[in-house]
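Fold and geometry: a report
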Amino acid sequence: MIPFPDSPVAVLCSGGDAPGMNAFLRAIVRLGLNRHKVPVLGIRGGYRGLVRAAKQVNGEADELVRLKQEITANTGNRGLIDAKMSIIQMDHASVSGIMGKGGTILGSARCLDFHKPEVRRSAIQLLENLGVRALVVAGGDGSLTGAKLLAEESNLKIIGVPSTIDNDLQFTEMALGVDTAVHTLVWAVDHFIDTARSHRRVMVLETMGRESGDLARMAALASGAEMVITPEGGPLTEEAMIAYAEEIESAMTRGRGHAIVLIAEGVKFDPPQSRNGAYILRDAFQKYFQREGAPFQDLEVRPSVLGHLQRGGHTTPGDCILAARFAEEAWKAILDPNGSNGITALQHNKATIVPFGCPDLPERALSSVAMDRLHDDLSSW
Ligand SMILES: Nc1ncnc2c1ncn2[C@@H]1O[C@H](COP(=O)(O)OP(=O)(O)OP(=O)(O)O)[C@@H](O)[C@H]1O
Ligand SMILES: O=P(O)(O)OC[C@H]1O[C@](O)(CO)[C@@H](O)[C@@H]1O
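Predicted, not measured: the structure shown is a model, and the values here were computed from it. (Residues numbered from 1 in each chain as written. Chains lettered and ligands numbered in written order. Predicted model: local features only at pLDDT ≥ 70, side-chain atom pairs only at ≥ 80, totals over all residues. Heavy atoms only, no water.)

**Things to note about the domain arrangement of the protein**
Splitting the protein by domain gives domain 1 (9–176 + 315–359) and domain 2 (180–312). A C-alpha centroid distance of 37 Å is found between domain 1 and domain 2. With 12 residues of domain 1 at the contact, the number on the domain 2 side is 12 residues. Interface area for domain 1 against domain 2, summed over the two sides, is near 1100 Å², with a carbon-plus-sulfur share of 52%. Its salt-bridge partner being Arg210, residue Asp166 comes within 3.8 Å of it at the nearest N-O pair. (Domains from an automatic or database assignment. Contact = heavy atoms within 4.5 Å. Buried area = accessible area lost by both parts, 1.4 Å probe. Salt bridge = Lys/Arg side-chain N within 4 Å of Asp/Glu carboxyl O.)

**Observations concerning the site of ligand 1**
In the region of ligand 1, 19 residues are neighbours, and Arg110, Cys111, Ser143, Thr164 and Arg210 sit closest. A distance of 2.9 Å separates an oxygen atom of ligand 1 from a polar side-chain atom of Thr164. Within the side chain of Arg210, one N or O atom sits 2.9 Å away from an oxygen atom of ligand 1. The dominant element in the shell around ligand 1, judged by the number of residues it contributes, is helix H6 (residues 141–153), at 6 residues. For the shell around ligand 1, a count of residues per class yields 4 nonpolar, 10 polar and 5 charged. (Near = heavy atom within 4 Å. Polar contact = N/O pair within 3.5 Å; in protein donor to acceptor, adjacent residues only side chain to side chain. Helix = DSSP H or I, 4+ residues; strand = E, 2+ residues; numbered from the N terminus. Nonpolar A, V, L, I, M, F, W, Y, C, P; charged D, E, K, R; others polar.)

**Points about the sheet that holds strand E13 (residues 350–354)**
Strand pairing in a sheet relies on backbone hydrogen bonds. The paired strands run either parallel or antiparallel. If you trace the 7 strands from one edge of the open sheet to the other, you get E3-E2-E1-E4-E5-E12-E13, paired in mixed fashion. With partners counted over all chains shown, the strands left at the sheet margins are strand E3 (87–89) and E13, one partner each. Shown here is a sheet whose adjacent strand axes are inclined to one another by a mean of 25 degrees, direction ignored. The pairing of strand E4 (residues 134–139) with strand E5 (residues 157–162) spans 6 bridges and is parallel. Paired with Val136 across the bridge in E5 is Ile159. Along the sheet face, helix H2 (residues 46–57) touches strand E1 (9–13), strand E2 (40–43), E3 and E4 and points at about 125 degrees away from the line of E1. (Pairing = 2+ DSSP bridges. Axes fitted to C-alpha atoms, helices over the stretch in contact; angles between N-to-C directions.)

**Side note on the site of ligand 2**
Looking at ligand 2, the residues that line it are Arg110, Thr164, Asp166, Met208, Gly209, Arg210, Glu265, His308 and Arg311. Between Asp166 and ligand 2, the recorded distance is 2.6 Å, taken from a side-chain N or O atom to an oxygen atom. The backbone of Gly209 places a nitrogen or oxygen atom 3.1 Å from an oxygen atom of ligand 2. Considered on its own, ligand 2 offers 390 Å² of accessible surface; in the complex 74% of this is hidden by protein. (Areas by Shrake-Rupley, 256 points an atom, 1.4 Å probe, with all protein chains shown as cover.)

**A look at the nonpolar core**
Among the nonpolar cores identified, the biggest contains 89 residues, and Phe24, Val202, Ile248 and Phe285 are the most heavily contacted of them. Not counting chain neighbours up to four residues away, the residues in contact with Phe24 comprise Val11, Val136, Ala138, Val161, Leu176, Ala323, Phe326 and Ala327. Within the second largest apolar cluster, 39 residues are counted, among which are Leu12, Leu41, Leu156 and Phe171. (Core = buried A, V, L, I, M, F, W, Y, C linked by side-chain atoms within 4.5 Å. Buried < 20%, exposed > 50% of the residue type's maximum accessible area, 1.4 Å probe, protein only.)

**Digging into the packing of H2 against helix H5 (residues 117–129)**
Running from N to C, H2 and H5 cross one another at 75 degrees; their axes reach a closest spacing of 9 Å. Taken together, the axis directions place H2 and H5 in an arrangement best described as roughly perpendicular. Side by side, H2 and H5 meet where Leu50, Val51, Ala53, Ala54 and Val57 of the first sit next to Val119, Ser122, Ala123, Leu126 and Leu127 of the second. When the residues that make up the contact of H2 with H5 are grouped by side-chain class, the tally is 9 nonpolar, 1 polar and no charged. (Parallel < 35°, antiparallel > 145°, perpendicular 65-115°, else oblique.)

Pasting the structure below:
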């Protein structure tokens, strides 16, 4: 039997799956095997899979031997098809044909237990016992916070890779998955426009993005949606919703027949509301359009919550390229004997490594404002 590899690098995906995670896995594995001659272990199911494996071993020498044997006996696709395997030694074939596929072949998860120091300690112990030289974590804000804690609490090298469709990480211009999610939203808007035009309707589409409006505003800019409402504008009052409805009505008076309105899921309301923003806005708009004496009382408003449609699908070339660039930076940081832990980032369009907890790029907030202004000025109404 082949012996368990010396000083492998481990990689996991955590948080919401993001298109580009597979392209990143392929790149980290291929660069490891082809360029650096370092084996890569894929950890299934994010921190949850790591914690599960740590629990199974439970610090016991014979269980550790058994896990290593299981890994070496089930490398690559053989391990991937066995749902019981938490850790898989990746080979060339296991990352073949996955670059453009959404999701992640390793699986991802949210793991509440990872907030507990003793649980992270068990994960660190397992990685140390397996001789892992570095752990690469692809995920969003929360996953990278978990990675930062691992870096502080161990001597392992820990590298984070921003992967979230939310684009809510302010130290990087782009995270993996954003380009694809924007692409998908443009596709969705193009579909909704057909009905909006045919029925002369207002379509209110709710995008993902957590507390950030970046995904919605990028999608608005790229699709030409007439209106975009983001959390950065502050809570939406009744008056603000009426002002938006007035804007639509006034465009209709000038001969416009339809409108696509994007609202980011993070938009809050004043007074607070528990329903999805798309439905609240629909009700406010519909009430306004149907008021007594209104000029377009038959104007219909239809809400849609786009949901997980935005996370899946074919990865764009932009995300595949960013994934390769991030993987290259990750390897540089792993192999640099003087290099420290850190997160890959795109700054001034250059892939680089920044320390955990590094400050926000001031340009990020400015770029959001600039995008909003550009969208307004490009709008034909
Ligand atoms: N403060 C924390 N301490 C330790 N682990 C954390 C912390 N925050 C998050 N994590 C770990 O990271 C996982 C993913 O976090 P979260 O659900 O916030 O998603 P995310 O990484 O921000 O991705 P996405 O942007 O796609 O939602 C959590 O389930 C948990 O395991
Ligand atoms: O898939 P889940 O766990 O419902 O999470 C949804 C959340 O994850 C994201 O898709 C990515 O962070 C957010 O935009 C959204 O709020």
